[in-house]
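Take a look at the letters that make up each chain.
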Amino acid sequence: MALVKVLKNKAYFKRFQVKPRRRREGKTDYRARGKMVCQAKSKFNSRKYRLIVRFTNKRCICQIAYATIRGDMMVAQASSHELAKYGVPCGHKNYAAAYCTGLLVARRVLKKFGLDEKFKGKEEIDGEDYHIEDEESEQRPFKCILDIGLQSTTAGHRMWGALKGAVDGGLHIPHTNKKFPGFKP
């Protein structure tokens, strides 16, 4: 019998550092989160808002949040099961439900900050490209960035419906249309 070198000996386990809990559970990509929430020091504690889009087995959840040392603070939240109040009884996971949920959270956050009168969003929904920053206004629009978590950014995914709904609702979210379903270059 040949001698086998033990690679994981006592010295190895003394120096082993356990990954953070949410990384071990496969819930958080800390590198992407760090890039999203990191704010320049010259901005003096100004908030960096994120549009968080998550899909469960039954519904779509959209939230507007900002990061603090104590944890993430939610500004507004909408879930697709609330669409039953607006006449959509079922189908709360598809692209259309994600669009409606994004539109709902955009209008809620603008109303909370008193910007709903200044930034109306898109008046008629026709699927065309729309950017709120192109409109003439003395005040800058409410800006947030898209947080999709661990989802892969494939073309035609439902999360792009939530992004399109939030943009049509009056939020300024930097994006490109290349991943939207039906995009023709």
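Up top is the structure these notes are about.
Okay, so let's go over this structure. (Residues numbered from 1 in each chain as written. Predicted model: local features only at pLDDT ≥ 70, side-chain atom pairs only at ≥ 80, totals over all residues. Heavy atoms only, no water.)

What follows concerns the nonpolar core. In terms of nonpolar packing, the biggest core is built from 33 residues, with Leu51, Ile64, Val109, Phe142, Cys144, Leu171 and Ile173 touching the most fellow members. Of all the elements in the fold, those that place two or more residues in this core are strand S1 (49–55), strand S2 (60–67), strand S3 (72–79), helix H4 (95–112) and helix H5 (159–168). Beyond its immediate stretch of four places on either side in the chain, Cys144 contacts Tyr49, Arg50, Leu51, Ile64, Leu171, His172, Ile173 and Pro174. (Core = buried A, V, L, I, M, F, W, Y, C linked by side-chain atoms within 4.5 Å. Buried < 20%, exposed > 50% of the residue type's maximum accessible area, 1.4 Å probe, protein only. Helix = DSSP H or I, 4+ residues; strand = E, 2+ residues; numbered from the N terminus. Contact = heavy atoms within 4.5 Å.)

All right, on to a negative patch on the surface then. A cluster of like negative charges, contributed by Glu123, Glu124, Glu128, Asp129, Glu133, Asp134 and Glu135, occupies part of the molecular surface. Relative to the assigned elements, Glu123 resides in the loop between H4 and strand S4 (145–147). (Patch = residues over 30% accessible without salt bridge, like charges linked within 9 Å, V, L, I, M, F, W, Y side chains within 5 Å. Areas by Shrake-Rupley, 256 points an atom, 1.4 Å probe, with all protein chains shown as cover. Salt bridge = Lys/Arg side-chain N within 4 Å of Asp/Glu carboxyl O. Lys, Arg positive; Asp, Glu negative; His and termini not counted. Charge placed at Lys NZ, Arg CZ, Asp CG, Glu CD.)

This brings us to a nonpolar patch on the surface. A surface patch of nonpolar side chains, amounting to about 410 Å² of accessible area, comprises Tyr12, Phe13, Phe16 and Val18. Along the chain, Tyr12 falls in helix H1 (residues 10–15). Residue Tyr12 is classed as partly exposed on the basis of its relative accessible area, which comes to 32%.

Strands sit in the order S3-S2-S1-S4 across an open sheet of four strands; the sheet is mixed. Edge positions in the open sheet fall to S3 and S4, since each of these has one partner strand only. On average, each strand axis in the sheet is tilted by 25° relative to the strand beside it, whichever way the strands run. With seven bridges connecting them, S1 and S2 associate as antiparallel partners. Within S2, the position partnered with Arg50 by the bridge is Ala65. Its contacts with the sheet put H4 on S1, S2 and S3, and the angle it makes with S3 is roughly 130°. (Pairing = 2+ DSSP bridges. Axes fitted to C-alpha atoms, helices over the stretch in contact; angles between N-to-C directions.)

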